[in-house]
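Each chain, letter by letter, is given below.
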Amino acid sequence: MPVGFEFQQQQGTAPDARFGHTTTLVGGNRVVLFGGATGDVGRYTITGDTFSLDIQTNTWERINPTGDAPSPRAAHAAACVEQSQLVVYGGATGGGSLSSDDLYLLDLRIPDRTAWLPVPVQGSTPGRRYGHTMTFSKPVLVVFGGNNGQTAENDIWVLDVERSPFVWREVTVMVPTSPLPRVYHSAEVCRHGPAAGMMVTFGGRTANNCSLKDIWGLRQHRDGRWDWVHAPDKRGNPPLARFQHTSVFHSSKLLVIGGRGSEVSTPLPTAMYDTETCEWKNYPSSNRFRHSSWGVGSVLYCYGGFDHRSPSAPTKDLQVLDISRASIIEDVSAETGQQPTEEAWEPPRNQNPQMPPTVRETRQGPQPVDAVLEAHGPRVANMVHVVNDHTDMVRQVDIATLAEEGRRLAGVAPTASANDVGGIANLTIDGLLKPSTWEPDPRPDFFLLNSDEVSQLCDEVLQVLQQEPMVLKVRAPIKVYGDIHGQYGDLMRLFGKYNYPTDGEGGDIETTDYLFLGDYVDRGNFSLEVMCVLLALKVKYPKQIHLLRGNHEDPMINSIYGFKEECKRRLREDPDEPYSCWNKFNYVFEWMPVGAVIDSAILCIHGGIGGSIENLAQLEALERPLQVAQVPQTDLEQRVTDLLWSDPTDNDNQLGVIANLTRDSDGQGRIKKFGPDRVDDFLKQNHPLKLIVRAHECVMDGFERFANGKLITLFSATDYCGTHKNAGALLFIRRDLTVVPKLIYPVNSPQTRTWDNSITEFRPPTPPRPAAPRQ
């Protein structure tokens with residue numbers, strides 16, 4: 001028999017049957033019910049009751065807060081703003097009247113001293129309304145839609161709870177596309193996946209009483225602007241139109257629970273929208289509307305509301321659905337609204353009606369994003385994105401199918417800114433940034449810019465870099481790139497397949513930052529293209545493009561691995577002249593930051609931590625312009641060497657700090673390898689860091705995990721030096737700090753063989769990280 005909602009036995013002082021109330025999860029195991037209407041048809045009573053439910057034991061308790069309580073109301077909105085604190089806004093008071101436009105806070109932090117507090121707000125407010133939604137995404141409360149007593153609205157109001165005095169502000173979206181005015185819709189904030197940070201709204205009823213089934217995401221850009229995104233339906237059965245429903249997020253999936261359509265007697269299935277795959281699925285119905293809902297782990301809770309089978313009086317049932325066990329409904333008809341019979345969807349009653357064992361086992365309280373990161377840290381997604389260059393199709397592949405990456409993790413011992421720029425930056429971007437059409441020029445010595453223009457570009461970017469700290473503080477979502485080494489074709493392929501930094505078509509610079517981990521030059525034939533387009537993007541988007549320094553951003557290195565010769569040949573200059581472009585590039589390199597921290601949780605550097613780097617303060621204290629000592633003589637010089645040159649040991653079984661004989665062949669011990677224990681100790685000493693992302697080494701799958709996933713090596717150039725046949729990758733780090741690898745593979749084409757063979761023959765490439773043997 002299909003698995004669906006199960007009824008729960010309740011204990012304690014339970015609320016009367018009601019509808020139009022709110023239930024708000026205010027902690028891992030506590031829900032607060034407020035307001036709603038009780039009674040029967042024609043004899044409804046609006047209430048201002050407040051109850052608390054312990055969801056571990058299903059025990060209710062009536063609470064009587066002190067202070068200035070909000071008036072009785074229904075069809076209002078409530079949201080949790082901090083642990084054990086919630087706010088209430090709007091609603092209807094009966095007889096066609098609406099409640100005041102005051103914002104109330106219920107403080108539950110001290111059990112014996114709960115209190116209602118009116119929140120002092122200055123200026124205009126969203127006004128009186130009912131059937132609206134209110135969500136909280138720290139630090140902003142968002143009120144959307146509802147009915148003002150005369151008509152439905154689609155306005156957006158926000159209040160920053162961290163800025164005093166408190167002020168409501170009406171939002172003007174960037175583009176005119178937006179949801180229709182509506183009432184009795186649902187809205188919830190997504191905390192995970194590609195839609196993390198968005199308020200996602202579904203359905204509702206229009207001013208002319210039409211039910212809706214559209215889904216929209218409201219997002220705020222980094223420059224403070226807001227816009228709506230209409231969510232696509234790519235697969236599955238779209239849900240039935242509805243209003244007076246609820247919605248809850250389970251990870252990156254929006255679950256739409258209950259509600260009513262054109263026929264009040266027809267129960268509507270629970271619909272699930274996956275924000276990652278844009279797919280709809282349908283699950284058994286709660287058989288309720290004007291109810292309330294919340295989620296804990298994979299378990300959905302539904303309380304009160306009207307039963308479609310007898311909609312004259314509300315219920316006080318508590319139902320649960322474990323979405324991980326629930327049966328999928330395959331034959332729901334969006335046109336007719338036909339449902340399976342009651343017997344088909346009514347769940348069997350558990351022998352212990354107090355709480356099904358599966359529900360008790362899956363009750364893990366939802367946590368704020370900060371708490372999730374504290375407990376688990378950033379995580380690598382189970383699926384990576386790979387591209388087929390023959391079909392241009394991007395597909396998802398299970399991470400376990402990547403042979404090299406999977407074997408390595410086993411640990412077996414080896415046998416725009418808003419800046420308005422023009423001039424040289426725009427000239428460079430317009431001429432070089434061609435992700436879908438770039439090909440090497442048939443003239444090997446030709447370059448788009450002359451030496452004067454390159455020199456001007458270096459001067460402009462230098463002014464930007466000199467204003468930045470040595471360790472950047474950046475935010476997700478962000479794309480991270482590893483070594484490029486003059487492989488401009490690979491950079492364009494990654495841009496073309498996975499979007500690129502532009503505010504035009506195919507670009508995502510308004511919502512996503514870009515971080516590059518160094519080693520832009522040498523060994524490849526197109527270091528000038530790589531360097532100039534990245535510097536131009538940095539000038540145009542200084543707050544979104546971030547460039548770190550690698551070990552090849554050093555004149556002693558790039559004078560012998562190809563970049564100096566390329567500048568001489570293609571810019572027709574004497575690189576040894578004091579003001580040559582080559583010297584200007586290297587002066588720019590000396591001002592590049594050496595690290596970046598993403599949302600206080602992920603440290604990004606080029607090489608490693610070696611044996612000398614213990615904390616971020618050591619990196620922040622490095623002074624610029626920074627010159628790299630070829631033979632370190634002091635502790636500071638050794639830290640710089642470790643930062644730019646050190647590598648992890650060959651696998652998780654090799655501990656401590658050992659000589660890096662691969663890079664330090666003369667055996668003087670200047671270059672180190674560091675074990676997983678060093679990674680663990682560093683992260684513990686630099687709380688709240690949870691992950692290190694570094695580049696510097698070729699890895700066969702483009703990325704590779706180390707130290708039980710606490711360090712990731714990233715390499716973006718494919719087929720390193722034409723010998724290794726490795727993939728290239730970028731890491732897309734979502735708002736919830738999920739790390740999604742996106743891969744490209746080598747292309748067998750004479751035009752893509754762009755490594756400098758003369759350098760390869762004279763100075764063979766460092767071998768890729770050793771792969772553990774197959775088991």
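Residues numbered from 1 in each chain as written. Predicted model: local features only at pLDDT ≥ 70, side-chain atom pairs only at ≥ 80, totals over all residues. Heavy atoms only, no water.

Side note on the pattern of salt bridges
And step 1. Overall, the coordinates contain 31 salt bridges when judged by the stated rule.
And step 2. Put simply, Arg309 and Asp307 hold a salt bridge, and the shortest N to O gap is 3.1 Å.
And step 3. Residue class for Arg309 comes out partly exposed when judged on its relative accessible area of 39%.
And step 4. Judged by its relative accessible area of 10%, Asp307 falls in the buried class. (Salt bridge = Lys/Arg side-chain N within 4 Å of Asp/Glu carboxyl O. Buried < 20%, exposed > 50% of the residue type's maximum accessible area, 1.4 Å probe, protein only.)

Brief notes about the sheet that holds strand E20 (residues 166–170)
Pairing between the strands of a sheet comes from backbone hydrogen bonds, and it takes one of two forms, parallel or antiparallel.
And step 1. The strand order across the open sheet formed by five strands is E16-E20-E19-E18-E17, and the pairing between neighbours is mixed. Single-partner strands in this sheet number two, and they are strand E16 (121–122) and strand E17 (133–137).
And step 2. As paired strands, strand E19 (residues 152–160) and E20 are joined by three bridges and run antiparallel to one another. Within E20, the position partnered with Val158 by the bridge is Arg169. (Pairing = 2+ DSSP bridges. Helix = DSSP H or I, 4+ residues; strand = E, 2+ residues; numbered from the N terminus.)

A short note on the sheet that holds strand E3 (residues 22–27)
And step 1. Spatially, five strands are ordered E2-E8-E7-E4-E3 in an open sheet, and the strand pairing comes out mixed. With partners counted over all chains shown, the strands left at the sheet margins are strand E2 (11–12) and E3, one partner each.
And step 2. Here strand E4 (residues 30–34) runs beside strand E7 (residues 50–54); their pairing, made up of five bridges, is antiparallel. Its bridge partner lying in E7, Phe34 is registered against Thr50.

Structural notes on the packing of aromatic side chains
And step 1. In the structure shown here, the tally under the stated rule is 25 aromatic pairs.
And step 2. Taking 6.4 Å as the distance between ring centres and 90° as the angle between the ring planes, the aromatic pair formed by Phe51 and Trp60 counts as edge-to-face.
And step 3. A centroid spacing of 5.1 Å and a plane angle of 55° characterise the contact between Trp60 and Tyr303, whose relative ring orientation is tilted. Pair noted here: Trp60 is in strand E8 (residues 59–62) and Tyr303 is in strand E32 (residues 299–307), with a separation of 243 residues, a long-range link.
And step 4. For Trp60, a relative accessible area of 2% corresponds to the buried category.
And step 5. Judged by its relative accessible area of 0%, Tyr303 falls in the buried class. (Phe/Tyr/Trp six-rings, centres within 6.5 Å; stacked < 30°, edge-to-face > 60°.)

A few points about the side chain of Thr206
And step 1. Looking at the secondary structure, you find Thr206 in the loop between strand E22 (199–205) and strand E23 (211–220).
And step 2. The class of Thr206 is buried, set by a relative accessible area of 10%.
And step 3. When sequence neighbours within four positions are dropped, the list of residues in contact with Thr206 reads Leu180, Pro181 and Leu212. (Contact = heavy atoms within 4.5 Å.)

Let's talk about the pairing of strand E28 (residues 270–274)
And step 1. Burial analysis of E28 places five of its five residues in the buried class, the great majority of the element.
And step 2. Of the two faces of E28, both are covered, the one formed by Thr270, Met272 and Asp274 as well as the one formed by Ala271 and Tyr273.
And step 3. In the sheet, strand E27 (residues 253–257) pairs with E28 via four bridges, with the strands oriented antiparallel. Note on E28: the bridge partner recorded for Leu254 is Tyr273.
And step 4. Where E28 and strand E29 (residues 279–283) come together, five bridges link them in antiparallel fashion. Along E29, the bridge assignment pairs Tyr273 with Trp280.
And step 5. Between E28 and E29, which pair antiparallel one after the other, the connecting turn spans four residues, and Cys278 there sits at a positive phi close to 60°.

Bear in mind that shape data such as this cannot, by itself, settle questions of function.
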